[in-house]
Amino acid sequence: MSLKQQIAVEPLCPGHFCSVKHPTRLGAFSKYVFGGNTIAVAVNAAYQTVNDTYHLYSLCGHFIRPATTDRKLFCYVESIRDSKSFQTRQIRVSQVTDDGSTKLCLIALADFHIEEPYSAVTYSIPPETECAPTTLREDTSNNFNLYRDIQRFVDMRPIHDNDTSKKTLKQNTRLNSPPPSSSTITKEMFRVPEPLDNEAQQISALAFYADKGLAYIPAIHDGYNLWHASACATLEFSLRIFVHGLNLGNWHMAEQKTLAAGNARAFSEGRIWTEDGQLVASMTQQTILRPGTKLRARL
């Protein structure tokens, strides 16, 4: 099965859509649907309701309940705003339970913007990683199984660059201040090996990938064993897209790092660039990370 099929939707009636395929898991650690699959289907459904001169630049949402892989996703897209410059959509993604009731899984707000004729300023922060072809190789780490169920959809190559991903962070010297976040950056090159036909598919595929692993890196970067956690899942997310006209058939670079954690939650960010170093998108998330009996908070 291709990624294009995995994130496809079909119309049911005005504003209502259904995923063509059952959603997939992320990998060995997760028994529920990969959140990126749910987000991608929501994005694709929203695109079906807007004019093709508008481009998604912001998607903010909350996961309400986990979805299961044994049934399709249903999307209800409501028009919130239709102006000369912006179109805004609210997307509710749900599944039908065995008793016929509807279970809400995700609610999100998507905003689309026209191509403006001029920009007052134009710039892009570069990645912290310099990637050479010799730094790419197949993932043989212990984390491989975490993402095994999406390997068939996206070609992902971790970047190994002799620990240049670790930066020296300044310690906060204020009394009773928390320790600094981990300096580790997870980075890789990725591409979608199959042709994608239009912007809706390109951005839906971007959303699919951008969710990968952000819930896991607070534990991984701090040396915790995810299998000892009693809960690890995304609560809310914000995907911000800075360019359109993407071609995910080309290699892109991704970097992920965690920025803050406490009260069994963590906040992390992933950034995506083109091979030329143009920042394409940012995905930020707050996740729940509850310790199990073998996992205690560390300071």
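Residues numbered from 1 in each chain as written. Predicted model: local features only at pLDDT ≥ 70, side-chain atom pairs only at ≥ 80, totals over all residues. Heavy atoms only, no water.

Brief notes about the pairing of strand β4 (residues 74-82)
Relative to β4, strand β2 (residues 16-19) runs antiparallel, the two being bridged by three bridges. Residue pairing in the sheet places C18 in a bridge with F74 of β4. Sheet topology places β4 next to strand β5 (residues 86-96); eight bridges connect them, and they run antiparallel. Following the sheet pairing, V77 is matched in β5 by I91. Following β4, the chain reverses through three residues before pairing antiparallel with β5. (Pairing = 2+ DSSP bridges. Helix = DSSP H or I, 4+ residues; strand = E, 2+ residues; numbered from the N terminus.)

Side note on helix α3 (residues 199-210)
Taking 1.5 Å of rise per residue, 12 residues should cover 16 Å, and α3 covers 16 Å from first to last C-alpha, within 8% of that figure. Counting buried residues in α3 gives 11 out of 12 residues, a clear majority hidden from the surface. If you check which residues of α3 are buried, you get A200, Q201, Q202, I203, S204, A205, L206, A207, F208, Y209 and A210. With a side-chain oxygen positioned 3.3 Å from the backbone nitrogen of A200, the residue opening α3 is N198. (Expected span 1.5 Å × (residues − 1). Buried < 20%, exposed > 50% of the residue type's maximum accessible area, 1.4 Å probe, protein only. Polar contact = N/O pair within 3.5 Å; in protein donor to acceptor, adjacent residues only side chain to side chain.)

Observations concerning the confidence of the model for the protein chain
Residues of the protein chain with pLDDT of at least 70 account for 87%, and the chain-wide mean is 89. Note on residues 162-166: pLDDT under 50 across the span, and seven contacts to partners over four residues away in sequence or across chains. (pLDDT = per-residue confidence, 0-100. Contact = heavy atoms within 4.5 Å.)

A word on the packing of aromatic side chains
A full pass over the atoms with the stated rule returns seven aromatic pairs. Ring geometry for Y47 and F112: centres 5.0 Å apart, planes at 90 degrees, overall edge-to-face. With Y47 in helix α2 (residues 35-47) and F112 in strand β6 (residues 102-114), the pair connects residues that are 65 residues apart, well separated along the chain. Summarising the aromatic geometry, the rings of Y147 and Y216 are spaced 6.1 Å apart at their centres and angled 25 degrees between planes, so their arrangement reads as stacked. Of the two residues, Y147 is situated in the loop between β6 and β7 (155-158) and Y216 in the loop between α3 and α4 (217-221); the sequence distance between them amounts to 69 residues. The burial state of Y147 is the same as that of Y216; both residues are buried. (Phe/Tyr/Trp six-rings, centres within 6.5 Å; stacked < 30°, edge-to-face > 60°.)

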